[in-house]
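The residues making up each chain are set out below.
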Amino acid sequence: MNKEPLGLNGLPGHDYFLDAVNHIDEAVTKKSIALGAAKGIVYSLVETLGSMIGDPDLPSHVRSGYEGVLEVAHELEAKIANLS
């Protein structure tokens, strides 16, 4: 996959965040990461995405991509909470 570091608006694309969430999900599933570490990383992703979504100047097409990733991240948070 060939990704640009930043989009035209100067922000990373939602695919970077989705890749991060999927990577942590895979590590949790394989038990190759401590649950506390996974929880902290996902928390940071959720907070970052929430801040970005809250920006009133964020274009709507970018916001919708981030909102989708945020939903996936919330699902991973719930999965981790159930494993703890």
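As shown above, the structure is provided for reference.
As the structure is a prediction and not an experimental result, all values here were calculated from the model. Residue numbers here run from 1 along each chain, matching the order of that chain's written sequence. Only residues with pLDDT of 70 or above have their local features reported here, since the model is predicted, and side-chain atom pairs are shown and tallied only from 80 upward, although totals for entire chains, interfaces and linings are computed over all residues. Working from all heavy atoms in the structure, the side-chain values ignore hydrogens and water.

## Section: the overall build of the protein
A count of helical and extended segments in the protein gives 3 helices and 0 strands. Strands are runs of DSSP state E lasting at least two residues, helices are runs of H or I lasting at least four, and both sets are numbered from the N terminus onward. Counted from the first residue to the last, the protein has its helices and strands arranged as α-α-α. In the protein, which comprises 84 residues, the proportion classed as buried is 25%. Each residue gets one of three labels from its accessible area relative to the maximum for its type: buried under 20%, exposed over 50%, partly exposed in between, using a 1.4 Å probe on protein chains only.

## Overview of the nonpolar core
To form a nonpolar core, buried Ala, Val, Leu, Ile, Met, Phe, Trp, Tyr and Cys residues must be joined to one another through side-chain atoms within 4.5 Å. Formed by 19 residues in total, the largest nonpolar core has its most connected members in Phe 17, Val 42 and Tyr 66. Not counting the four nearest positions on each side in its chain, Val 42 is found in contact with Ile 24, Ala 73, Leu 76, Glu 77 and Ile 80. Contacts are assigned to residue pairs that have any heavy atoms within 4.5 Å of one another.

## Some points on unusual backbone geometry
Positive phi outside glycine occurs at Lys 31, with the angle close to 60°. Among the structural elements, Lys 31 can be located in the loop between helix 1 (14-30) and helix 2 (35-53). Look at Lys 31 and you get exposed, because its relative accessible area is 73%.

## Some thoughts on helix 3 (residues 60-83)
Turn by turn, an α-helix covers 3.6 residues, leaving residues three or four places apart pointing in a common direction. Multiply 1.5 Å by the residue count of a helix minus one, and that product is the helix's expected span. Look at helix 3: 35 Å from first C-alpha to last across 24 residues, which is about the 34 Å you get at 1.5 Å a residue. Along helix 3, the residues classified as buried are Val 62, Gly 65, Tyr 66, Val 69, Leu 70, Ala 73, Leu 76 and Ile 80. For helix 3, the secondary structure elements touched by its buried residues are helix 1 and helix 2.

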